[in-house]
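Here's the letter readout for the chains.
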Amino acid sequence: MEWETVIGLEIHAQLATKSKIFSGSSTAYGAEPNTQASLVDLGMPGVLPVLNKEAVHMAVKFGLAIDAHLAPRSVFARKNYFYPDLPKGYQISQYELPIVGIGHMDIELEDGSIKRIGVTRAHLEEDAGKSLHEDFQGQTGIDLNRAGTPLLEIVSEPDMRNAKEAVAYMKKLHALVRYLGVCDGNMQEGSFRCDANVSVRRPGQPFGTRAEIKNLNSFRFIERAINHEVERQIDIIESGGTVVQETRLYDPDRNETRSMRSKEDANDYRYFPDPDLLPVEITPEFIASVRATLPELPEAKKQRFITQYSLSTYDADMLTQSRDVADYFEAVAQGCGDAKLAANWVNGDLSAALNRTGIEIANAPVAADAFAGLLKRILDNTISGKIAKEVFDAMWNGEGDADSVIDKKGLKQITDTGAIEAMIDEIIAANPKQTEEYRAGKDKLFGFFVGAAMKASKGKANPEQVNAILKQKLAG
Amino acid sequence: MSDPIHSLSLKKLRDGIHAGNFSVMEATDAYLERIANFNEELNAFITVTRDSAQAQAVEIDNRIRKGELDGAMAGLPYALKDLFCSKDVLTTCGSNMLRNFVSPYDAHVAERLKAAGGVLLGKNNMDEFAMGSSNETSAFGNVRNPWDTDCVPGGSSGGGAATVAARLAPVALGSDTGGSIRQPASFCNITGIKPTYGRISRYGMIAFASSLDQCGPMAPSAEDCAITLNVIAGLDARDSTSVDRPVPDYTATLNDSIDGLKIGLPKEFFAEGLNPQVGAVIERAIKEFEARGAIIKEVTLPNSHLAVPVYYVVAPAECSSNLSRFDGVRFGHRCENPQDLKDLYERSRWEGFGAEVKRRIMIGTYALSAGYYDAYYLKAQKIRRLIQQDFAEAFKDVDVIMGPSAPTTAFKLGAKKDDPIAMYLEDLYTIPVSLAGLPGMTFPIGFAADGLPVGMQLVGNYFEEARMLNIAHQYQLSTDWHTQVPAKFA
């Protein structure tokens with residue numbers, strides 16, 4: 001019999017504010033432990049939280065981008081539990097009245113159809129610190145640098161039906177938050193992480209009992225973890241057991257999930273409104289001012305690229321995966337005047353070089369204007385596309401801009417008809433046998449002559465001119 | 001012979017310093033000497049900051065001489081309840097949990113007083129984490145009432161009240177969550193004001209119940225309170241609940257007329273529960289106001305009988321969460337040889353907190369638990385709004401409300417120690433005001449038949465502190481109750 005999988009995701013996006021959500025400490029990643037923890041972050045007696053307005057701005061921006069209802073009044077609540085990396089003994093979060101209400105995201109399925117995934121809510125909260133178990137024998141170190149970092153927890157409806165949909169949703173959201181500039185999306189540093197609620201059922205039946213899988217911090221892991229969890233649940237049910245509601249941790253090394261705590265062990269968090277913070281009031285004027293800062297969103301940008309630059313859907317899709325790539329492309333396209341050529345190169349050689357070196361496009365050694373400079377030299381026949389690859393590699397290695405590389409290496413294309421004719425005359429004279437065979441009808445030998453001409457010119461002869469002159473001379 | 005320094009009001013102290021009659025050092029030493037003589041008996045201070053007070057006095061004398069410091073508080077000694085964080089000074093909150101806690105920073109009010117040139121004499125004893133009405137829950141021993149050392153001084157700001165009553169400091173800062181300034185001030189024959197919630201920043205004041213806690217001055221007179229309030233009131237960006245509203249000069253309107261003042265007497269405050277001896281003193285004082293041209297009207301606060309039960313849901317709920325940070329991990333008491341994390345938490349908290357604090361954490365934890373939240377916390381919040389509306393209704397007819405600050409005079413040490421409900425009822429008349437967030441004050445109006453002082457509670461509308469201080473000051477201009485000091489401490 002058939003099984004249907006039901007998946008809902010809770011995504012924690014770390015907001016890209018400079019300071020923490022309730023204190024002035026820096027949120028920069030990777031500092032020495034406890035050097036970015038103020039009195040407030042340490043939960044010292046007597047300290048009080050003060051809301052970072054930038055975090056509210058970012059949450060509203062996100063809400064607008066998913067077409068969500070924005071609460072005119074939202075409330076911070078305390079989630080009470082004891083843990084050493086939670087200095088106050090409670091986490092400030094939002095519970096009954098989150099800032100972002102119901103919204104949605106559309107994802108593209110493998111067959112090209114569009115599926116709408118509901119977003120239940122998104123709320124602001126502070127992150128906890130980190131417990132470090134490795135470096136202290138028999139003891140645990142606490143690093144509170146992360147404590148108080150602003151998070152937006154984005155909760156989806158249980159609308160996804162397989163791991164691929166979950167990944168598509170997560171990728172879409174990942175692109176969106178980076179587009180909006182509200183999250184750097186760095187999954188390795190934990191800026192964008194995901195918990196998945198997974199259950200299985202017979203189609204048409206009510207939802208099955210779900211397990212929550214924690215700590216999914218890569219697209220690959222989430223797919224594998226969900227698939228593994230689905231198999232585990234089906235195995236249990238098919239062998240006569242019942243799935244228990246629990247929290248499970250995914251272990252990527254073993255590709256398995258294991259139980260962290262059952263529902264019975266779950267904390268009673270004793271949520272109540274935080275009396276230290278006033279409700280967050282959002283006015284229509286504030287919403288309008290945030291709306292004015294919204295960038296063009298990925299879908300709109302993709303459609304514009306297709307119409308404005310006559311790009312294929314594939315190219316437009318690739319170029320709008322991130323705002324940095326799209327911006328780079330547009331700068332190159334406008335700089336060189338040929339969008340199609342720009343798209344080919346950005347999606348081709350540039351993308352390959354970035355992947356090979358692991359460099360972000362924003363830090364690419366060849367900036368967009370320099371790149372446009374290179375493509376201009378193809379367009380004005382200074383170099384061929386093939387030579388351009390050599391020039392690009394040199395530019396990537398820091399050997400200067402396109403013109404100076406071309407100049408230094410003497411890569412300028414030979415377009416002097418006389419020079420090409422002389423060269424071809426020599427080649428024909430030196431290869432009487434091939435000339436005779438070609439003239440006798442062995443057309444395939446044309447490529448041999450082209451190759452010889454290019455070799456003789458060290459690749460610099462203009463290929464179109466070589467073709468034309470060769471055709472004419474070989475015709476005799 | 002001129003008056004001794006400890007008998008001077010804040011204003012006269014300041015004038016004496018500026019006229020060069022005595023130095024800041026002399027004033028400081030005069031109080032330090034009194035503390036040395038009397039604190040053993042009263043136990044009003046947990047920490048006396050003798051060395052830093054003298055160092056501060058030297059510095060302030062210099063600055064005053066150079067003309068660098070000219071504020072209303074410049075050179076004036078003061079004491080702080082031991083829940084105000086004081087940089088590099090022990091800040092215990094009256095608890096074993098913080099017996100070893102030296103604060104790394106100054107509370108907002110401590111900062112303000114320091115900047116104004118005040119001299120910190122020490123930190124006052126208090127009920128543990130401000131939970132109590134007799135100062136008997138302190139881990140540092142009970143405080144004695146200077147008017148009868150077998151009696152409690154009230155609480156939780158009992159140390160500050162006893163300090164001012166015995167003139168061991170000219171002013172002390174207390175905190176009031178359900179009556180913790182007003183009840184002890186009433187028991188000790190001094191003036192104390194709990195301003196409107198949000199008027200003074202709570203930053204650095206160790207929280208008991210965040211939605212109720214408010215700092216305020218305790219001093220012999222309304223004028224002293226006004227001078228101090230001028231320094232500590234106002235917006236602080238570090239406390240989101242502090243209110244952005246101009247701070248008037250509270251001393252400027254002290255001499256305004258109170259002719260035609262409409263005083264409301266809530267009938268519920270004169271019903272069963274009020275000790276008749278106290279009631280008699282209150283009624284006499286009301287007549288004095290009437291004789292001065294005030295119009296007396298009866299008002300009703302129909303939900304006030306629910307205030308104590310509501311308070312004992314809301315305040316414990318908030319404290320159960322506020323006190324979670326005392327877990328033995330980063331500061332405060334940590335048990336010996338914890339076996340594991342759970343043991344560390346449980347024993348550190350078991351050993352660090354006293355019985356009353358544990359009782360309230362338990363009540364609050366229960367009230368917030370799944371399945372009980374709606375029935376307790378949410379319902380309490382709804383009634384809290386009704387109580388607020390009661391006051392709003394009353395203030396449509398009257399300018400201020402008056403009544404007793406406490407149902408009794410100071411009671412004997414130990415008399416109510418084992419009866420929490422009787423202790424909770426001590427705050428019967430102060431709690432409704434706290435729940436509404438309104439400003440409330442108390443000022444001395446005489447002595448009951450048992451010879452112990454009685455305070456009048458005066459409640460104003462939101463941010464009406466200036467009017468309240470004006471009314472009390474006018475009363476104090478023609479009476480001398482507030483200048484009376486127990487013979488032993490004169």
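Predicted, not measured: the structure shown is a model, and the values here were computed from it. (Residues numbered from 1 in each chain as written. Chains lettered and ligands numbered in written order. Predicted model: local features only at pLDDT ≥ 70, side-chain atom pairs only at ≥ 80, totals over all residues.)

Looking at the overall build of chain B
Here is the rule we go by: We count a stretch as a helix when DSSP gives it H or I for four or more residues in a row; a strand needs E for two or more, and each element gets its number in order from the N terminus. C-alpha atoms define the radius of gyration, and 2.2 Å times the number of residues to the power 0.38 defines the globule rule. Partly exposed residues are those falling between the two cut-offs: more than 12 but fewer than 20 other C-beta atoms within 10 Å of their own, whereas 20 or more means buried and 12 or fewer means exposed, with C-beta atoms placed from the backbone.
Counting secondary structure elements, chain B contains 15 helices and 11 strands. The globule rule puts the C-alpha radius of gyration for 490 residues at 23 Å, and the 21 Å found for chain B is close to it. Taken along its principal axes, the extent of the C-alpha atoms in chain B is 65 × 55 × 45 Å. Taking all 490 residues of chain B together, the buried fraction comes to 61%.

What about the overall build of chain A?
The line we're drawing: Contact between two residues is assigned when their C-beta atoms, built from the backbone, lie within 7 Å.
When helices and strands are counted, chain A shows 15 helices and 15 strands. Relative to the globule expectation of 23 Å for 476 residues, the C-alpha radius of gyration of chain A, 30 Å, shows a markedly less compact shape. C-alpha extents for chain A along the principal axes are approximately 95 × 55 × 55 Å. Taken across its 476 residues, chain A has 40% of its residues classed as buried. Looking at chain A alone, contacts between residues at least 24 apart form 68% of all its contacts between residues at least 6 apart.

Considerations on the interface of chain A and chain B
So the rule is basically this: Charged residues are taken to be Asp, Glu, Lys and Arg, nonpolar residues to be Ala, Val, Leu, Ile, Met, Phe, Trp, Tyr, Cys and Pro, and polar residues to be all remaining types, Gly included.
Contacts between the two partners involve 23 residues from chain A and, on the opposite side, 33 residues from chain B. Its residues assigned to classes, the side of chain A that touches chain B comprises 14 nonpolar, 4 polar and 5 charged.

Thoughts on the environment of A44(B)
Residues and elements named next belong to chain B. Mapping A44 onto the fold places it in the loop between helix 2 (24–42) and strand 1 (45–48). Here the alpha-carbon distance between A44 and G446, two residues 402 residues apart in the chain, equals 23 Å. With residues near it in sequence (within four places) discarded, A44 still touches N39, N124, N125, V143, G159, A162, T163 and L168.

Some words on unusual backbone geometry
In most cases, non-glycine residues show a negative phi, while peptide bonds are predominantly trans. The linkage connecting G155(B) with the following residue, S156(B), adopts the cis geometry, with an omega of 10°. Take S156(B): it is sitting in the loop between strand 3 (119–124) and helix 5 (158–165). In the Ramachandran plot, S310(A) falls in the positive-phi region, its phi being about 55° despite a non-glycine side chain. Mapping S310(A) onto the fold places it in the loop between helix 5 (298–309) and helix 6 (313–319). Exposure remark for S310(A): the 12 C-beta atoms within 10 Å place this residue in the exposed category. Even without glycine at this site, C93(B) takes up a positive phi of about 60°.

Notes on the domain arrangement of chain A
Residue and element names in this part refer to chain A. Spelled out, the test is: Either an automatic procedure or a domain database provided the assignment from which the domain bounds are taken.
Structurally, chain A comprises domain 1 (4–288), domain 2 (298–409) and domain 3 (417–474). Put simply, the middle of domain 2 and the middle of domain 3, counted by C-alpha atoms, are 32 Å apart. When grouped by side-chain class, the residues that make up the side of domain 2 that touches domain 3 number 1 nonpolar, 2 polar and 1 charged.

Structural notes on the pairing of strand 2 (residues 77–81) of chain B
All names here are of chain B. The test is simple: A clockwise path from the first strand over the helix to the second, with the strands pointing away from the viewer, defines a right-handed crossover. By the convention used here, strands pair only if DSSP detects at least 2 bridges between them.
The buried fraction of strand 2 is high, at 5 of 5 residues. Burial of the side chains of strand 2 extends over both faces: P77, A79 and K81 are buried on one face and Y78 and L80 on the other. Since strand 2 and strand 3 lie parallel, the crossover through helix 4 (residues 108–115) that links them has a hand, and here it is right-handed. Pairing of strand 2 with strand 4 (residues 172–176) involves 2 bridges; the strand directions are parallel. Across the sheet, the residue bridging to A79 is A172, located in strand 4.

Remarks on the environment of P316(B)
All names here are of chain B. With respect to the helices and strands, the residue P316 is situated in helix 9 (residues 307–322). Taking the C-alpha atoms as reference points, P316 and I363, separated by 47 residues in sequence, lie 6.1 Å from one another. What P316 contacts, discounting residues up to four positions off in sequence, is R360, I363, G364 and A367.

Describing the nonpolar core
Grouped burial of nonpolar side chains is what soluble globular proteins tend to show. To be explicit about the condition: As used throughout, a nonpolar core is a set of buried Ala, Val, Leu, Ile, Met, Phe, Trp, Tyr and Cys residues joined through C-beta atoms within 7 Å of each other.
Of all hydrophobic cores here, the largest spans 225 residues; its most connected members are A59(A), F62(A), A166(A), A196(A) and L121(B). Broken down by element, the residue count for this core peaks at 11 residues, all from helix 2 (residues 163–180) of chain A. Apart from residues lying up to four places away in sequence, L121(B) is in contact with Y31(B), L32(B), I35(B), V48(B), T49(B), A53(B), P77(B), Y78(B), A79(B) and A169(B). Formed by 35 residues, the second largest nonpolar core is a distinct cluster that contains L311(A), V332(A), A388(A) and A394(A).

Description of the sheet that holds strand 3 (residues 76–80) of chain A
Residues and elements named next belong to chain A. Taken in spatial order, the 3 strands make up an open sheet running 4-3-14, and their pairing is antiparallel. The open sheet has two edge strands with one neighbour each: strand 4 (90–94) and strand 14 (272–273). Pairing of strand 3 with strand 4 involves 5 bridges; the strand directions are antiparallel. For A77, the partnering residue across the bridge sits in strand 4 and is S93.

Considerations on the sheet that holds strand 8 (residues 295–299) of chain B
Picture the strands of a sheet paired through backbone hydrogen bonds; they go either parallel or antiparallel. Residue and element names in this part refer to chain B. Where we set the bar: Every angle, taken between N-to-C directions, lies between 0 and 180 degrees, and every axis is a line fitted to C-alpha atoms, over only the stretch in contact when it is a helix.
Taken in spatial order, the 11 strands of this open sheet run 1-3-2-4-6-5-10-11-9-7-8, and their pairing is mixed. Each edge of the open sheet is held by one strand with a lone partner, namely strand 1 and strand 8. Taking each pair of neighbouring strands and ignoring which way they run, the sheet shows an average axis angle of 30°. Across the sheet, helix 2 lies against strand 1, strand 2 and strand 3, angled at about 20° from strand 3, the strand it touches most. Where helix 7 (residues 222–232) meets the sheet, it contacts strand 5 (191–194), strand 6 (214–219) and strand 10 (440–447), and its direction lies at approximately 140° from that of strand 6.

Considerations on the pairing of strand 3 of chain B
All names here are of chain B. Of all 6 residues that make up strand 3, 6 are buried, and the element is covered over most of its length. With 3 bridges joining them, strand 1 and strand 3 adopt antiparallel strand pairing. Opposite T47, over in strand 3, you have K123 as the bridge partner. Note: strand 2 against strand 3, 5 bridges, orientation parallel. Residue K81 lies in a different strand from strand 3, and its bridge partner there is N124.

Points about the packing of helix 8 (residues 339–357) of chain A against helix 9 (residues 368–379) of chain A
Residues and elements named next belong to chain A. The criterion, for reference: Orientation is classified from the angle alone, with under 35 degrees giving roughly parallel, over 145 giving roughly antiparallel, 65 to 115 giving roughly perpendicular, and any other angle giving oblique. Crossing handedness: left-handed means the near helix sits turned counterclockwise from the far one by under a right angle, and right-handed means the same turn made clockwise.
Contact geometry of helix 8 with helix 9 gives a least axis separation of 11 Å together with a crossing angle of 120°. It follows that helix 8 is oblique to helix 9 by the angle criterion. Considering how the two elements wind past one another, helix 8 and helix 9 form a crossing that is right-handed. Residues L341, A342, W345 and L350 of helix 8 lie in contact with helix 9, whose contacting residues are F371, L375 and I378.

Regarding the environment of D236(B)
Residue and element names in this part refer to chain B. Inspection of the secondary structure puts D236 in the loop between helix 7 and strand 7 (262–266). Residues D236 and F270, 34 residues apart in the sequence, show an inter-C-alpha distance of 38 Å. With residues up to four places along the chain from it excluded, the contact list for D236 reads H108, S201, Y203 and S242.

Some details on the confidence of the model for chain B
As a reminder, the rule being used: The score called pLDDT rates the predictor's confidence residue by residue, from a low of 0 to a high of 100.
When the pLDDT values of chain B are averaged, the result is 96; 100% of them are 70 or greater. We note a pTM of 0.89 for the whole complex and an ipTM of 0.96 for its interfaces.

Structural notes on helix 11 (residues 402–409) of chain A
Residue and element names in this part refer to chain A. To keep things clear, this is the line we draw: Each direction from the helix axis to a C-beta atom contributes to the arc, which is the arc of those directions.
Considered for burial, the residues of helix 11 that qualify are A402, V405 and I406. In a view along the axis of helix 11, the buried residues occupy a sector of 100°, so they form one face of it. Structural note: helix 11 exposes D407 and K408 on the side pointing more than 90 degrees away from its buried face. In this structure, the buried side of helix 11 is in contact with helix 9 and helix 10 (385–396). Taken from the residues just after helix 11, G410 is the one with a positive phi, measuring 60°.

Notes on helix 1 (residues 10–19) of chain B
All names here are of chain B. For helix 1, the complete set of buried residues consists of L10, L13, R14 and I17. The buried residues of helix 1 occupy an angular sector of 95° when the element is viewed end-on, so they sit on one face. Opposite the packed face of helix 1, turned more than 90 degrees from it, sit the exposed residues D15 and A19.

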